[in-house]
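Tertiary structure, described
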Amino acid sequence: MSNLTDISYVKAVLSKNGFSFSKALGQNFLINPSVCPKMAELCGCNDNIGVIEIGPGAGVLTNELAKKAYKVVAIELDKRLLPVLEETLAEHDNVKVINADAMKLDIRKLITEEFNGHQVVICANLPYYITSPIIMRLLEERLPVESLTVMVQKEAAERICAEPGTRESGAISAAVNYYSHPELLFKVSKGSFLPAPKVDSAVIKLNILKKPPVATDDEKLFFRVVKAAFSQRRKTVLNSLSSGLSLPKAYVSEVLENAGIKQTARAEELKMQEFAAITNILKNNRAE
Ligand code: SAM
């Protein structure tokens, strides 16, 4: 019987299958036995809820999710891990492993086909090289999921969960806060992984919102404004918007004044409502 909380068992299965870790695929596997049960608990799955996992690795988190969830669908890019997962997850009949790239797979279709109308959550220890793109892909597609509980590098976690308008915030904070209510759940030391990465990690939970926290007249423009505002963090919003959106400075200055934003403000000082106000003024001016 598999004991995935026993690191010597996991190492033995990996070595039996001739597996070597790929840095390019962000393969740092969890070996701290307390982390996976905690993630499975906090992601909120139960026997009525399905889970999508991205990058099951040797299956340590998958195993904990399978004990609790209605069903787990795990998407793994690395073919070499398929025989490993077949062995480590053999005792679960509610797990399906799909060999695919999570950046390309049609996840909406997967949800319709695999979960029989059950609510779905996403839970994963994400490969660090695609943290932001995968989170943004999952959010932007407005998939029918309740939440994303994911392990990311600690700095990324702090940036993603920062409230817009605070010093730690960035373009990703504004984007994440547009689609979800983010929470930083707990930190995980680098020694909890094999091989140990250079930095610590943290588990965050993004609770999907039914509707955005601010009203914008043009969602695409809202994200262009956010991106342009943060494109040169040290500059004022006046300068970064003017160069990022190719607009005359005098015009941007007027927009900021109409939005009630001071001319010396920097992107990290702006709240969601202020990004929305800039967007809506730009949009209305265009329409005139
Ligand atoms: N869940 C395991 C754990 O916690 O020990 C492994 C996590 S490891 C940080 C990331 C996993 O994602 C690896 O198994 C890696 O092969 C896989 N992976 C990397 N890129 C991927 C992609 N584009 N789509 C799906 N899986 C990917």
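Thresholds, definitions, all that
Residues numbered from 1 in each chain as written. Predicted model: local features only at pLDDT ≥ 70, side-chain atom pairs only at ≥ 80, totals over all residues. Heavy atoms only, no water. Domains from an automatic or database assignment. Contact = heavy atoms within 4.5 Å. Buried area = accessible area lost by both parts, 1.4 Å probe. Salt bridge = Lys/Arg side-chain N within 4 Å of Asp/Glu carboxyl O. Polar contact = N/O pair within 3.5 Å; in protein donor to acceptor, adjacent residues only side chain to side chain. Helix = DSSP H or I, 4+ residues; strand = E, 2+ residues; numbered from the N terminus. Nonpolar A, V, L, I, M, F, W, Y, C, P; charged D, E, K, R; others polar. Buried < 20%, exposed > 50% of the residue type's maximum accessible area, 1.4 Å probe, protein only. Pairing = 2+ DSSP bridges. Right-handed = clockwise from strand over helix to strand, strands pointing away. Axes fitted to C-alpha atoms, helices over the stretch in contact; angles between N-to-C directions. Near = heavy atom within 4 Å. Areas by Shrake-Rupley, 256 points an atom, 1.4 Å probe, with all protein chains shown as cover. Phe/Tyr/Trp six-rings, centres within 6.5 Å; stacked < 30°, edge-to-face > 60°. Lys NZ or Arg CZ within 6 Å of the ring centre and 35° of its normal.

**Points about the domain arrangement of the protein**
Here the protein is partitioned into domain 1 (7-208) and domain 2 (219-287). Between the C-alpha centres of domain 1 and domain 2 there is a distance of 35 Å. Contacts between domain 1 and domain 2 engage 14 residues on the former and 11 residues on the latter. Taking both sides of the interface into account, the surface hidden between domain 1 and domain 2 amounts to around 1,100 Å²; carbon and sulfur atoms contribute 61%. Residues R142 and E219 are paired through a salt bridge, measuring 3.1 Å at the closest nitrogen-oxygen approach. Linking domain 1 with domain 2 are seven residue pairs in polar contact (both at pLDDT 80 or more). With six residues, the top contributor of residues to the side of domain 1 that touches domain 2 is helix 8 (residues 171-179). Along the lines of polarity and charge, the residues of the side of domain 1 that touches domain 2 split into six nonpolar, five polar and three charged.

**Some points on the pairing of strand 6 (residues 147-153)**
Of all seven residues making up strand 6, six are buried, and the element is well covered by its neighbours. Bridging between strand 5 (residues 119-125) and strand 6 involves four bridges; their strand directions are parallel. Across the sheet, the residue bridging to I122 is L148, located in strand 6. Where the polypeptide runs from strand 5 across helix 6 (residues 131-140) and back to strand 6, its parallel neighbour, the crossover connection is right-handed. Here strand 6 pairs with strand 9 (residues 201-208) via seven bridges, running antiparallel. The partner of Q153 across the bridge, within strand 9, is S201.

**With respect to the sheet that holds strand 3 (residues 71-76)**
Taken together, seven strands build an open sheet; the order of strands is 4-3-2-5-6-9-7 and the sheet is mixed. Of all strands in the sheet, those bounded by a partner on one side alone are strand 4 (95-99) and strand 7 (180-188). Neighbouring strand axes in the sheet, compared pairwise and without regard to direction, differ in orientation by 20° on average. Seen against the sheet, helix 2 (residues 35-42) touches strand 5, strand 6, strand 7 and strand 9 and runs at an angle of roughly 160° to strand 7. Running at roughly 120° to strand 7, helix 8 makes contact with strand 7 and strand 9 of the sheet.

**Observations concerning the site of the ligand**
For the ligand, the set of nearby residues contains 24 residues, the closest of which are L30, G55, E76, N125 and Y129. A distance of 2.8 Å separates an oxygen atom of the ligand from a polar atom in the backbone of L30. P56 places a polar main-chain atom, nitrogen or oxygen, 3.4 Å from a nitrogen atom of the ligand. Calculation on the ligand without its partners gives an accessible area of 590 Å², and the protein chains cover 99% of this total. Going through the elements one at a time, strand 1 (29-30) and strand 3 are the ones with two or more residues in the shell around the ligand.

**Observations concerning the pattern of salt bridges**
Side chains carrying opposite charge are able to pair once their charged atoms draw close together. In total, this model carries 13 salt bridges according to the counting rule given. As a salt-bridge pair, D101 and K104 come within 3.9 Å of each other at their nearest N and O atoms. Each of K71, K96 and E114 takes part in one network of salt bridges that share partners.

**What about the side chain of T279?**
As for its position among the elements, T279 is in helix 12 (residues 272-287). On the basis of relative accessibility, which here comes to 0%, the residue T279 falls in the buried class. Once residues within four sequence positions are removed from consideration, T279 is found in contact with D218, L221, F222 and V225.

**Considering the packing of aromatic side chains**
Evaluation of the coordinates by the stated rule reveals nine aromatic pairs. On the numbers, 5.2 Å between centres and 85° between planes, the contact of Y178 with Y179 is edge-to-face. Relative to F223, the ring of F222 has its centre 5.2 Å away and its plane inclined at 85°; by these criteria the two rings are edge-to-face. Here F222 falls in the buried class, since its relative accessible area comes to 0%. On the basis of relative accessible area, F223 is assigned to the buried category, the value being 18%. Put simply, the rings of Y178, Y179, F222 and F223 pair up and form one aromatic cluster. Here the guanidinium or amino end of K38 rests over the ring plane of F186, the centre of that ring lying 4.2 Å away.

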